[in-house]
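# Coordinate inspection notes
Take a look at the letters that make up each chain.
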Amino acid sequence: AEAQRAQIGWVDPADVAYDQPGLLRDRYYPGDIGFDPLGLKPDTPEELNVMLTKELQNGRLAMLAAAGFLAQEAVDGKGIIEHLQ
């Protein structure tokens, strides 16, 4: 899967000058590897950028929530499930 992603996003190292390692393809937009089985991808680049920003911020919020669970467990020694009982 990672090799396919690399082929989609990056220019083959054999086709790039030695001083430009990791050169991205012109048509590649970071995060867009063409996987959209449900047809949810927005049509315009502006809408895609808004959608990707929302996804990124959602992930950041989830990481903060997970850090809160860990902090709570560190403070009182009870796990997440033990707090529900």
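Notes on the structure in this doc start here.

Cut-off values and rules
Residues numbered from 1 in each chain as written. Predicted model: local features only at pLDDT ≥ 70, side-chain atom pairs only at ≥ 80, totals over all residues. Heavy atoms only, no water. Phe/Tyr/Trp six-rings, centres within 6.5 Å; stacked < 30°, edge-to-face > 60°. Helix = DSSP H or I, 4+ residues; strand = E, 2+ residues; numbered from the N terminus. Contact = heavy atoms within 4.5 Å. Patch = residues over 30% accessible without salt bridge, like charges linked within 9 Å, V, L, I, M, F, W, Y side chains within 5 Å. Areas by Shrake-Rupley, 256 points an atom, 1.4 Å probe, with all protein chains shown as cover. Salt bridge = Lys/Arg side-chain N within 4 Å of Asp/Glu carboxyl O. Buried < 20%, exposed > 50% of the residue type's maximum accessible area, 1.4 Å probe, protein only.

### Here we look at the packing of aromatic side chains
In the structure shown here, the tally under the stated rule is one aromatic pair. Judged by centre distance (6.1 Å) and plane angle (35°), the ring pair of W10 and Y28 falls under tilted. On the criterion of sequence distance, the pair formed by W10 in the loop between helix 1 (2–9) and helix 2 (45–76) and Y28 in the loop between helix 1 and helix 2 is long-range, its members being 18 residues apart.

### Some thoughts on the environment of P42
By the secondary structure assignment, P42 is in the loop between helix 1 and helix 2. The contacts of P42, once residues within four sequence positions are left out, are E47, L48 and M51.

### A closer look at a nonpolar patch on the surface
A surface patch of nonpolar side chains, amounting to about 440 Å² of accessible area, comprises F69, I80, I81 and L84. No other element matches helix 3 (residues 80–84), which puts three residues into the nonpolar patch. Along the chain, I81 turns up in helix 3. Among the residues examined, I81 registers a relative accessible area of 57% and is labelled exposed.

### Considering the environment of R27
Position of R27 among the secondary structure elements: in the loop between helix 1 and helix 2. Taking the C-alpha atoms as reference points, R27 and G39, separated by 12 residues in sequence, lie 19 Å from one another.

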